[in-house]
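Remarks on the overall topology
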Amino acid sequence: MDAIRIDIKKLRPAALLPRYMTELAAGMDLFACLENPIVLAAGERVLVPTGIALAIPAGFEGQVRPRSGLALRQGVTLVNSPGTIDADYRGEVGVIVINHGSEPVTISSGDRIAQLVIAPVRRALLAEVESLDATAREGGGFGHTGVNGG
């Protein structure tokens, strides 16, 4: 598997670098970098700093995604998922976390709060036309195919 180089800068000494937790993991875990723990009430959202900045190469993006274990066990997920880190962004990576659970959740420095997937990006060339080619689906959307497979 070919790897691409991503330069990373710690913005605070306590920051932990993202890392793959298993050999074939698609995403690297992102860690909270906090001066004090955050108690996230049910229904509350907060921007959690990671203490890192990235230099993602042109032609790639960073996709910030929820961690399935947090979602299942505590109802914690991300508001904008996947969040995008553009190749020209050099600021601190932050993660917008929401507590969909019924109990408060404490986030401490060093907690794994999200995962980062590096993905290729293709830019689109838009061409305005008078009509679009026909398809079997046409304008059907938002559940138009039904609910079950029968």
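As recorded in an unreviewed UniProt entry, the protein goes by Deoxyuridine 5'-triphosphate nucleotidohydrolase and comes from Desulfuromonas versatilis. According to the UniProt record, the Pathway (unreviewed entry) comment for the protein is "Pyrimidine metabolism; dUMP biosynthesis; dUMP from dCTP (dUTP route): step 2/2." What the UniProt record of the protein gives under Sequence similarities (unreviewed entry) is the line "Belongs to the dUTPase family."

The feature "binding site: substrate" (unreviewed entry), as annotated in UniProt, sits at Arg67, Ser68, Gly69, Asn80, Thr84, Ile85 and Asp86 in this numbering. These annotated residues cover 20 residues of sequence, and their C-alpha atoms reach 26.2 Å apart at the extremes, leaving them scattered rather than at a single site. None of the other annotated residues line the second largest pocket; only Asn80, Thr84 and Ile85 do. For Arg67, the residues in contact, after removing those within four places along its chain, are Asp29, Arg112, Ile113, Ala114 and Gln115. Counting through the fold element by element, Ser68 comes out in helix H1 (residues 68-74). Owing to a relative accessible area of 63%, Ser68 belongs among the exposed residues under this scheme.

Let's shift gears to the side chain of Gln63. Mapped onto the elements, Gln63 comes out in strand S5 (residues 60-65). Of the residues examined, Gln63 reaches a relative accessible area of 12% and is grouped as buried. Here Arg65 takes part through its side chain, which lies 2.3 Å from a polar atom of the side chain of Gln63. Once residues lying within four places of it in the same chain are set aside, the contact partners of Gln63 are Pro82, Gly83, Gln115, Leu116, Val117 and Ala119.

Roughly 510 Å³ of internal volume is contained in the largest pocket. If you go around the largest pocket, you meet 20 residues; those closest to its centre are Ala3, Ile4, Tyr20, Met28 and Ile118. At 4 residues, strand S10 (residues 112-120) tops the list of elements feeding residues into the lining of the largest pocket. Looking at the lining of the largest pocket residue by residue, the class counts come to 18 nonpolar, no polar and 2 charged. In this model, the second largest pocket occupies a volume close to 190 Å³. Considering the residues around the second largest pocket, the lining is formed by 13 residues, among which Val64, Asn80, Thr84, Ile85 and Gly94 are closest to the centre.

Glancing now at the sheet that holds strand S2 (residues 28-31). Taken in spatial order, the 4 strands make up an open sheet running S2-S10-S5-S7, and their pairing is antiparallel. Each edge of the sheet is formed by a strand with only one pairing partner; in this case those strands are S2 and strand S7 (83-85). This sheet shows a mean twist of 35° between the axes of neighbouring strands, independent of strand direction.

To continue, consider the side chain of Thr77. Within the fold, Thr77 resides in strand S6 (residues 76-78). If near-sequence neighbours (up to four positions away) are discounted, Thr77 is found in contact with Pro66, Ile96, Val97, Ile98 and His100.

Our focus in this paragraph is the nonpolar core. In a soluble, globular protein the nonpolar side chains are often hidden away together inside. Leu30, Val48, Val64, Val95, Val97 and Ile107 are the most contacted members of the largest nonpolar core, which has 25 residues in total. Only S2, strand S3 (38-40), strand S4 (45-55), S6, strand S8 (92-99), strand S9 (105-107) and S10 provide two or more residues apiece to this core. In this view, Val97 contacts Leu40, Glu44, Arg45, Val46, Val48, Val76, Thr77, Leu78 and Ile107; residues no more than four positions away in its chain are not counted.

Parameters and conventions
Residue indices begin from 1 for each chain and proceed along its sequence in written order. Local features are withheld for residues below a pLDDT of 70 in this predicted model, meaning they are given only at 70 or higher, and side-chain atom pairs are given and counted only at 80 or more; totals for whole chains, interfaces and linings count all residues. Side-chain measures here rest on the full set of heavy atoms in the structure, leaving out hydrogens and waters. UniProt positions are given in the numbering used here, feature names are shortened, and annotations may be inferred rather than shown by experiment. Cavities and pockets were defined on a 1 Å grid built from protein atoms only: a cavity is a group of points that admits a 1.4 Å probe but offers it no way out, a pocket is an open group of points flanked by protein on both sides within 12 Å along at least five of seven lines, and a lining residue is one with an atom within 4 Å of any such point. We call two residues in contact whenever any of their non-hydrogen atoms come within 4.5 Å of each other. The way it works is that DSSP assigns letters per residue, a run of H or I at least four long becomes a helix, a run of E at least two long becomes a strand, and they are numbered from the N terminus. The buried label applies to any residue whose accessible area, calculated with a 1.4 Å probe on protein chains only, is under 20% of its type's maximum; exposed applies above 50%, and partly exposed to all values in between. Counted as a polar contact is a pair of N or O atoms within 3.5 Å, where, for protein atoms, one must be capable of donating a hydrogen and the other of accepting one, and residues adjacent in sequence contribute only when both atoms are in side chains. Grid points are joined across faces, edges and corners, and a volume is the space filled by probe spheres set on the points. Each residue gets one of three labels, nonpolar for Ala, Val, Leu, Ile, Met, Phe, Trp, Tyr, Cys and Pro, charged for Asp, Glu, Lys and Arg, and polar for the others, Gly among them. Here, a strand pair is defined by DSSP locating no fewer than two bridges between the strands. Axis angles are defined between N-to-C directions and span 0 to 180 degrees, where every axis is a line fitted to C-alpha atoms and, for a helix, only to the segment in contact. Residues enter a nonpolar core if they are buried and are Ala, Val, Leu, Ile, Met, Phe, Trp, Tyr or Cys, with the set joined through side-chain atoms within 4.5 Å.

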